[in-house]
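Remarks on the overall topology
The lines below spell out each chain.
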Amino acid sequence: MANTVASGQDVAHDAERAEVVSMMHTALAELPLHYREPLVLFFLDDQPYEAIAEVLHLPLGTVGTRINRGKKLLKAAYQSL
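Residues numbered from 1 in each chain as written. Predicted model: local features only at pLDDT ≥ 70, side-chain atom pairs only at ≥ 80, totals over all residues. Heavy atoms only, no water.

1. A closer look at the layout of surface pockets
Basically, it comes down to this: A 1.4 Å probe that fits into a set of points on a 1 Å grid over the protein atoms alone but cannot get out defines a cavity; an open set with protein on both sides within 12 Å along at least five of seven lines defines a pocket, and lining residues are those with an atom within 4 Å of a point. Grid points are joined across faces, edges and corners, and a volume is the space filled by probe spheres set on the points. Counting from the N terminus, the helices are the DSSP runs of H or I reaching at least four residues and the strands are the DSSP runs of E reaching at least two.
Approximately 190 Å³ is the volume attributed to the largest pocket. Along its surface, the largest pocket is lined by Met24, His25, Leu28, Leu39, Val40, Phe43, Leu44, Lys71 and Leu74. Secondary-structure elements contributing two or more residues to the lining of the largest pocket are α1 (2-30), α2 (33-44) and α4 (60-79). With four residues, the single largest contributor to the lining of the largest pocket is α2.

This is the structure in structure tokens:
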């Protein structure tokens, strides 16, 4: 019986996690490209700022600024869903 309860909790947790992930993707898609690209490279591809700057042909400071502003915009977009 304990396995049934744990399995039910696991299913509910997995469903909740899938919903959060879906909402994050939706919120991310709403961001302007110049904020979305650095965020994807940083959080999803686990790239350091230096690599992001090289890939996007941006100064290192611009990458930091866009990631910080992008995080704020992402939070606002997520909360509005």
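2. Let's talk about unusual backbone geometry
Of note, Asp46 is a non-glycine position whose phi angle comes to about 55°, a positive value. For His57, which is not a glycine, the phi torsion comes out positive at approximately 55°. Within the secondary structure layout, His57 lies in the loop between α3 (49-56) and α4.

3. As for the packing of α2 against α3
Test applied: Orientation is described by lines fitted to C-alpha atoms, with helices fitted over the stretch in contact, and by angles between N-to-C directions that extend from 0 to 180 degrees. In this scheme, roughly parallel covers angles under 35 degrees and roughly antiparallel covers those over 145, while 65 to 115 is roughly perpendicular and the rest are oblique. For any pair of crossing helices, the crossing counts as left-handed if the nearer helix is rotated counterclockwise from the farther one by less than a right angle, and right-handed if it is rotated clockwise. The criterion used for residue contact is that any of the two residues' heavy atoms lie within 4.5 Å. Under the scheme applied, nonpolar residues are Ala, Val, Leu, Ile, Met, Phe, Trp, Tyr, Cys and Pro; charged residues are Asp, Glu, Lys and Arg; polar residues are all the others, including Gly.
Close contact between α2 and α3 brings their axes to 10 Å; oriented N to C, the two are set at 140°. By the angle class used here, α2 and α3 are oblique. The handedness of the crossing between α2 and α3 comes out as right-handed. For the pair α2 and α3, contact is made by Glu37, Pro38, Leu41 and Phe42 and by Tyr49, Ile52, Val55 and Leu56, respectively. Per-class residue counts for the contact of α2 with α3 are seven nonpolar, no polar and one charged.

Just distances and angles here, no functional claims.
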